[in-house]
Amino acid sequence: MKKILINECKIRFRAISRNESFSRSAAAAFAMQCDPTASEIAEIKTAVSEAVTNAIVHGYRNVDGDRRGEVEMIMRLYDDKSLYIQIKDKGIGIEDVEAAMQPTFTTAPADEERSGLGFTVMESFTDKVRVRSVVGRGTTVTLEKKLGGKSGA
Ligand SMILES: Nc1ncnc2c1ncn2[C@@H]1O[C@H](COP(=O)(O)OP(=O)(O)OP(=O)(O)O)[C@@H](O)[C@H]1O
Ligand SMILES: [Mg+2]
């Protein structure tokens, strides 16, 4: 049966690190309408945070201060309690998505102390992660998670 879209929200914000916590809270607030469990909310916040941090840190790596681009977040909720969150940047893009998604793969310089586990975290805290990326044009990450909610439906 085709699922029915029951709510949708689009947000755009500047690709700066102070918006990482904003995006986490926005995702949690949107998901609240499904009466989710505390762990579902924690998982959504963590997964969104990883994707948004990637857009900010990697996507716009070589762009300074006020020339930084934007991150767009689109959230959709369907009648079967499935939540889709899309995080888009128009940054540098990813050359090899499959390689980038391998645990411990990172292109960050050693002094940033990144562990290369962001995609692994997104995958373990959601049901599905899809990545579309074009070098020089940007990256879109879609997180999909079915919420059981407190009612256990
Ligand atoms: N939005 C993006 N734009 C450009 N490159 C990206 C983007 N997201 C991820 N990448 C690339 O994919 C790699 C792996 O990402 P991942 O989040 O798994 O690890 P990380 O960000 O390097 O480290 P960690 O998330 O553990 O701090 C990054 O090092 C980067 O090369
Ligand atoms: Mg990361």
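Further up the page is the structure itself.
One numbering rule holds for all chains: residues counted from 1, following each sequence as written. Following the order in which they are written, the chains are lettered starting with A and the ligands numbered starting with 1. Confidence filtering applies because this is a predicted model: local features only for residues at pLDDT of at least 70, side-chain atom pairs given and counted only at 80 or more, and all residues used for totals across whole chains, interfaces and linings.

K.L.:
Help me understand the packing of helix α2 (residues 38–59) against helix α4 (residues 118–125), please; the structure alone is not making it clear to me.
P.N.:
The geometry of a pair of packed helices is captured by two quantities: the angle between their axes and the separation between those axes. Taken N-terminus to C-terminus, the directions of α2 and α4 make an angle of 150 degrees; their axes are 9 Å apart at the nearest point. Classed by the angle they form, the pair α2 and α4 counts as roughly antiparallel. For the pair α2 and α4, the crossing hand works out as left-handed. Residues E43, T46, A47, E50, A51, T53 and N54 of α2 touch α4, and the partners they reach there are G118, V121, M122 and F125. Three classes are used, and their members are as follows: Ala, Val, Leu, Ile, Met, Phe, Trp, Tyr, Cys and Pro are nonpolar, Asp, Glu, Lys and Arg are charged, and the others, Gly among them, are polar. Of the residues that constitute the contact of α2 with α4, the class distribution is five nonpolar, four polar and two charged. Geometry is summarised by axes, namely lines fitted to C-alpha atoms with helices restricted to the contacting stretch, and by angles between N-to-C directions that run from 0 to 180 degrees. Segments assigned H or I by DSSP are reported as helices when at least four residues long, segments assigned E as strands when at least two residues long, and all are numbered from the N terminus. Comment on the angle field: the value is read as roughly parallel under 35 degrees, roughly antiparallel over 145, roughly perpendicular from 65 to 115, and oblique elsewhere. When the near helix sits turned anticlockwise from the far one by under a right angle, the crossing is termed left-handed; a clockwise turn instead gives a right-handed crossing. Here, residue contact means that the backbone-derived C-beta atoms of the two residues sit within 7 Å.

K.L.:
Any chance you could explain helix α1 (residues 19–31) here in plain terms?
P.N.:
Note on helix geometry: an α-helix contains 3.6 residues per turn, so any two residues three or four positions apart are oriented the same way. Multiplying one less than the number of residues by 1.5 Å gives the expected span of a helix. Taking 1.5 Å of rise per residue, 13 residues should cover 18 Å, and α1 covers 18 Å from first to last C-alpha, within 8% of that figure. To sort residues by burial, count the other C-beta atoms lying within 10 Å of each one's C-beta; a count of 20 or more means buried, 12 or fewer means exposed, and anything in between means partly exposed. C-beta atoms are built from the backbone. Listed in full, the buried residues belonging to α1 are N19, S23, R24, A26, A27, F30 and A31. An end-on view of α1 places all buried positions within 165 degrees of arc, on one side of the element. Pointing more than 90 degrees away from the buried face of α1 are the exposed residues S21, S25 and A29. Taken from the helix axis, the directions to the C-beta atoms give the arc we talk about.

Nothing here speaks to function; it is geometry throughout.
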